[in-house]
Amino acid sequence: MSDQSYLLLEVIRAPERLARLSMADWNRLIPQARHALLLGKLHALILEQDLLKVLPEKPLNHTLSAYLASEKQHATTAWEALKLERALGSLEIPLVLLKGGAYIQAKLPVSTGRLLSDIDILVTRDRLDEVEENLHSRGWRSSKQDSYDDRYYREWMHEIPPLKHITRGSFLDVHHTILPPTAKYKPDAEKILADIREVSPNVYTLSPVDMVIHSATHLFHEGDFDHGLRDIIDLHGLLIHFSDNEPGFWEALVPRAIELDLINPLYYALHYCQLILGSEIPDFVLKQAEKGKPNALMSGVMDWLFMRALRPDHPSCDLPFTSLARSLLYIRSHYLRMPLHLLIPHLTRKAWKRRVAENKQEATAGLP
Amino acid sequence: MSLYIPPDFELILKSYGNETLLFHSASGDTLLLGPTAVPLVQRLRQGPLDKQPLFDHVAEELNYEVDDEFISHMEEVLSGLMKRDIVAAQ
Amino acid sequence: MTSRISDFDIDHLHALLKSSGLFLKTGPFTYRIRSSVRSVAEGLFLLYGQNRFFPEMEFVDFDIRLDSPNSLRRRFRPKLDFYFDHQTPFKPLPISQAFAFLEWGMNWCVSVHMNQYLKLHAAVLEKNGRALVMPAAPGSGKSTLCAALMLSGWRLLSDEHALVSLHDSHLIPVCRPISLKNKSIKVIEQFDNKALFGPLCKDTHKGTVTHMRPDARSVELDDTPVKPGWMVFPKYIVEGETRLTERIKETAFLKAGEQSFNYSLLGAKGFETMSKLIEACDCYNFSYSNLDEAVETFEKLSATAV
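Just so we're clear, the structure is a prediction, and the values are computed from it rather than from any experiment.

## Brief notes about the overall build of chain B
Here's step 1: Helix and strand counts for chain B come out as 3 helices and 6 strands.
Here's step 2: Secondary structure elements in chain B, listed N-terminal to C-terminal, are β-β-β-β-α-β-α-α-β.
Here's step 3: By the compact-globule yardstick of 12 Å for 90 residues, chain B fits well, its C-alpha radius of gyration being 12 Å.
Here's step 4: Considered along the principal axes of its C-alpha atoms, chain B spans approximately 35 × 35 × 20 Å.
Here's step 5: A burial count over chain B gives 20% of its 90 residues as buried.

What follows is the structure, given as structure tokens:
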């Protein structure tokens, strides 16, 4: 990894390097980290290495700013979890948090300095209507006004349209399974819900192995590679933490992925964690996971695609053809979750919608 | 019904001699407490208490008579604080 | 001998902006600005001419660029994009609004990123060693009042951002041009004919906008923080009387919080910092229509500095 532009990754792999960075290095590192949504994480690394007092102040202002924003998000998440627990608790349904929200409530080290955009929860399909109704009465409203979008979500997705709280402005994704019903792989949400872990009264996360498998599935099937590096870092962080703190974690991991029909994304997750971040994964696990490895040609293609897409979306990090790799993966992820005849019209519509509704603001001098 | 302040969330009170500001770390809200809410919150910070003695305490602090009007006012104040999760009941 | 941006001529500055960019230090922040637009060079030359020129900067906080997205479009109606680190957070704007766009973009950089300060949407000035903080919503006449005070001898810390130190609640200057719009432009021209304005941008979403150059002393003292003294909430009222009335600190606290970019983000730290700031300030409401009277009122107020 001597490639000059890959500084962010170098620092994440070897945080002790932080103490030896030149100002020119910081000038490259801060924008890279900002684009990868890893500024807060970088600050967490700095704290962990106890380097706050020795590093130059100017770049630290940027990492600190993002870190403070993540702290605020964590506090907000805890507050939202409390509110959601009350809503679901009134229906005698457990609150099951997924992804970032789960990392925060379970106080996993991977959550430190991490930013999140919404809270994700998992509810069984047969209680979905009740939950939606109850949340509605507590101020959660659908943020999709467009009936095409609403129908698209309800027919083809594993979640209902995102909800937004009318007074607090927070976003909530309610999932009823972990992959769309049309996807190639068919994990059984009931099995996942049968294994959840309580982290505080009536608040649950997935079991450690399921958390890793879900995170892998999310990354390798959602097509959201803008934050690919951050997601790989999450996975790496989960693996390290559970390896040290969960007896039997490695033994259970691959068999569970096979049971859930999700060995393929788990294979990719382990493979790229090792390749990109040098995660220490026991040999027997890697061997077991080979079951999810695609054929040689496909492996080569995927390596080419992922190694490019997982770089932060910043010009100083691009290998040739990065944006092609990114869009190919976007198509791949849609192919994995929808039959082809559905895919084509949806992609065109989505591209068109995106152009129309580009989420940009008016430049203004006033309050944001 | 014993009333208490949920211990996980920090409360900071600040006054410059006129009214009292309250920062509620859980929600991140900053509120202006009314004159009867201040002794109520301050008393509960020392430990849980039932509603009746709590209202009596407030009345004594402020030299009010505990009549129907006072009690209905305090019920309103209390329900506002509970709605914002500053005070809880067990 | 320190060199200044005005040591260049506009052509040289324009060439620099088109190539490696201009390093501009303003208060605690360093921008690297690039643009091929001529009016950007003109505006920077005129309004930031008194700022120091740095051939190199070790660290850049905000790497920004104002240019047309592609050369093809240029044959038709050129629109500009504001790039921050190669991303474009805003909708493109016509080239005639270039300088205002740059200023808005520069404000945005501070508003959304720098959380090592408590940031209020406020004008900040200094007299007798104490800072006057004027938080206000757009349209309250804050900038007009700020311009008049600066022209009457107050030192300008900022027309847009009160940066409050999280350590001691002192005000950190970030001295940049004052943004004036519509009728205020004429009002300030009439108030003082020595006022110097940059490019006039018409038909923006805020109407006609221009920027006024800060005085040399304010720019010179751009690294010197100031202890808080007064917090005043200004309000322009058509033909209204000049009126300064004391207000209680508790509600001033909440009102200032409403005008903050990151009070809520900072959580308990925001509360503590705001507490200290308010503690140190005498708080007032101020309504006015006559600028001369307004300046006189603040002159008297400044004599109360302790």
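## Some remarks on the interface of chain A and chain C
Here's step 1: Contacts between the two partners involve 27 residues from chain A and, on the opposite side, 32 residues from chain C.
Here's step 2: Elements represented by at least two residues in the side of chain A that touches chain C include exactly helix H2 (23–35) and helix H4 (57–89) of chain A.
Here's step 3: No other element matches H4 of chain A, which puts 10 residues into the side of chain A that touches chain C.
Here's step 4: Taken together, the residues that form the side of chain A that touches chain C break down as 13 nonpolar, 9 polar and 5 charged.

## Some points on the domain arrangement of chain C
All names here are of chain C.
Here's step 1: What the domain assignment reports for chain C is domain 1 (5–113) and domain 2 (117–176 + 214–302).
Here's step 2: Relative to domain 2, the C-alpha centre of domain 1 lies at a distance of 28 Å.
Here's step 3: The interface of domain 1 with domain 2 comprises 9 residues on the first partner and 12 residues on the second.
Here's step 4: The dominant element in the side of domain 1 that touches domain 2, judged by the number of residues it contributes, is helix H3 (residues 98–113), at 3 residues.
Here's step 5: Of the residues contributing to the side of domain 1 that touches domain 2, the split by class is 3 nonpolar, 6 polar and no charged.

## Some details on the environment of Pro282 of chain A
Here's step 1: Along the polypeptide, Pro282 of chain A turns up in the loop between helix H12 (263–277) and helix H13 (283–289).
Here's step 2: Once the C-alpha coordinates of Pro282 of chain A and Arg34 of chain A are considered, the two residues, 248 residues apart in sequence, prove to be 33 Å apart.

## What about the nonpolar core?
Here's step 1: Within the largest apolar cluster, 198 residues are counted, with the highest numbers of intra-cluster contacts made by Ile121 and Leu266 of chain A together with Val133 of chain C.
Here's step 2: Taken domain by domain, this core gets at least three of its residues from each of domain 1 (5–113) and domain 2 (117–176 + 214–302) of chain C.
Here's step 3: Sequence-distant contacts of Val133 of chain C, that is, excluding residues within four places in its chain, are made with Leu120, Ala122, Val124, Ala162, Leu171, Pro228, Met231 and Cys281 of chain C.

## Here we look at the pairing of strand E6 (residues 117–127) of chain C
All names here are of chain C.
Here's step 1: Counting buried residues in E6 gives 11 out of 11 residues, a clear majority hidden from the surface.
Here's step 2: Burial of E6 is two-sided: the residues Tyr117, Lys119, His121, Ala123, Leu125 and Lys127 facing one way and the residues Leu118, Leu120, Ala122, Val124 and Glu126 facing the other way are all buried.
Here's step 3: The pairing of E6 with strand E7 (residues 130–135) spans 6 bridges and is classified as antiparallel. Looking at E7, one finds that Val124 is bridged to Val133.
Here's step 4: Between E6 and the antiparallel strand that follows it, E7, lie 2 residues; Asn128 among them carries a positive phi value of about 50 degrees.
Here's step 5: Across 3 bridges, the pairing between E6 and strand E8 (residues 155–158) is antiparallel. Residue pairing in the sheet places Leu125 in a bridge with Leu156 of E8.

## A few points about the sheet that holds strand E2 (residues 29–35) of chain C
Residues and elements named next belong to chain C.
Here's step 1: Spatially, the 5 strands line up as an open sheet ordered E1-E2-E3-E4-E5, and their pairing is mixed. Both edges of this open sheet fall to strand E1 (22–26) and strand E5 (93–94), since each of them pairs with a single strand only.
Here's step 2: On the sheet, H3 packs against E2, strand E3 (62–67), strand E4 (79–84) and E5 and is oriented at approximately 155 degrees with respect to E3.

## A look at unusual backbone geometry
Here's step 1: A positive phi angle, near 55 degrees, is found at Asp50 of chain A, a position not held by glycine.
Here's step 2: Among the structural elements, Asp50 of chain A can be located in the loop between helix H3 (39–48) and H4.
Here's step 3: With a phi close to 45 degrees, Asn182 of chain C is a non-glycine residue in the positive phi region.
Here's step 4: With respect to the helices and strands, Asn182 of chain C occurs in the loop between strand E11 (178–181) and helix H5 (183–191).
Here's step 5: Classification of Asn182 of chain C as exposed rests on a count of 12 C-beta atoms within 10 Å.

## Observations regarding the packing of helix H1 (residues 10–18) of chain C against helix H2 (residues 38–47) of chain C
Residues and elements named next belong to chain C.
Here's step 1: Here H1 crosses H2 at 120 degrees, and the two axes come no closer than 9 Å. In terms of axis orientation, H1 runs oblique to H2. Every pair of crossing elements has a handedness; the one defined by H1 and H2 is right-handed. For the pair formed by H1 and H2, the contact residues are Ile10, Leu13, His14 and Leu17 on the first element and Arg38, Val40, Ala41, Glu42, Leu44 and Phe45 on the second.
Here's step 2: When its residues are assigned to classes, the contact of H1 with H2 shows 7 nonpolar, 1 polar and 2 charged.

## Some points on the pairing of E11 of chain C
All names here are of chain C.
Here's step 1: Burial of the side chains of E11 extends over both faces: Ile178 and Leu180 are buried on one face and Ser179 and Lys181 on the other.
Here's step 2: When E11 meets strand E13 (residues 207–212), the two strands line up antiparallel, connected through 4 bridges. Its bridge partner being in E13, Ile178 is matched across the sheet by Met212.

## Side note on the sheet that holds E11 of chain C
Residues and elements named next belong to chain C.
Here's step 1: If you walk across this open sheet you meet the 3 strands as E11-E13-E12, and the pairing is antiparallel. Strands at the two margins of the open sheet, each flanked by one partner only, are E11 and strand E12 (201–204). Ignoring which end each strand starts from, the neighbouring axes of this sheet average 35 degrees apart.
Here's step 2: In this fold H3 packs onto E11, E12 and E13, with an angle of close to 75 degrees to the strand it touches most, E12.

What counts and what doesn't
- Residues numbered from 1 in each chain as written.
- Chains lettered and ligands numbered in written order.
- Predicted model: local features only at pLDDT ≥ 70, side-chain atom pairs only at ≥ 80, totals over all residues.
- Helix = DSSP H or I, 4+ residues; strand = E, 2+ residues; numbered from the N terminus.
- Rg over C-alpha atoms; globule rule 2.2 N^0.38 Å.
- Buried ≥ 20, exposed ≤ 12 C-beta atoms within 10 Å, placed from the backbone.
- Contact = placed C-beta atoms within 7 Å.
- Nonpolar A, V, L, I, M, F, W, Y, C, P; charged D, E, K, R; others polar.
- Domains from an automatic or database assignment.
- Core = buried A, V, L, I, M, F, W, Y, C linked by C-beta atoms within 7 Å.
- Pairing = 2+ DSSP bridges.
- Axes fitted to C-alpha atoms, helices over the stretch in contact; angles between N-to-C directions.
- Parallel < 35°, antiparallel > 145°, perpendicular 65-115°, else oblique.
- Left-handed = near helix turned anticlockwise from the far one by under 90°.

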